[in-house]
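Structural overview
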Amino acid sequence: MAAEFLHIGIPVTTKKPGMDYNEELKIWTSNPDDYEFRIEYLKFEEGTCFPEIMHKNPHVAYQVDDMKPYLDSAQSVIFPPREIGPGVSIAFITVDDTIIELFVEK
């Protein structure tokens, strides 16, 4: 298993300049490439599919080749794997009470 660090996700209540909106997921996100420390700001809208725990807690994102071993060893799966674009899937798990995003691009 190999995981490559992508970004730290921080939920916010006020939209930041340059955020993009994903209507399907009902979430505003910034681009981690815009921030020196690879920060992704997230503003969740009412009706989002993301669980409440993510609205108030940061996460750490990693690109992985295969989610299955991470999902199998997770403390819990809080957002099951979901395709968010052609060949791109995400999932959110907890490990030691920390929220981890798994990102797969094929």
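Procedures and definitions
Residues numbered from 1 in each chain as written. Predicted model: local features only at pLDDT ≥ 70, side-chain atom pairs only at ≥ 80, totals over all residues. Heavy atoms only, no water. Helix = DSSP H or I, 4+ residues; strand = E, 2+ residues; numbered from the N terminus. Buried < 20%, exposed > 50% of the residue type's maximum accessible area, 1.4 Å probe, protein only. Phe/Tyr/Trp six-rings, centres within 6.5 Å; stacked < 30°, edge-to-face > 60°.

Examining unusual backbone geometry
- One non-glycine residue with positive phi stands out, namely arginine 38, at about 60°.
- Within the secondary structure, arginine 38 sits in the loop between strand 3 (27–29) and strand 4 (39–44).
- Classification of arginine 38 by relative accessible area gives partly exposed; the value is 29%.
- The phi torsion at aspartate 96 lies on the positive side, around 50°, for a residue other than glycine.
- Within the element layout of this structure, aspartate 96 appears in the loop between strand 7 (88–95) and strand 8 (98–105).

Description of the packing of aromatic side chains
- The final tally for this structure, using the stated rule, is seven aromatic pairs.
- Pairing phenylalanine 50 with phenylalanine 92 gives two aromatic rings, centres 5.9 Å apart and planes at 90°, and the pair type is edge-to-face. You can see phenylalanine 50 sitting in the loop between strand 4 and helix 1 (52–56) and its partner phenylalanine 92 sitting in strand 7, a full 42 residues away along the chain. For the pair phenylalanine 50 and phenylalanine 92, a shared accessibility class is recorded, and that class is buried.
- On the numbers, 5.9 Å between centres and 80° between planes, the contact of phenylalanine 79 with phenylalanine 92 is edge-to-face. Here phenylalanine 92 lies in strand 7 and phenylalanine 79 lies in strand 6 (residues 76–85), a separation of 13 residues in the sequence. For the residue pair phenylalanine 79 and phenylalanine 92, the accessibility class agrees, reading buried in each case.

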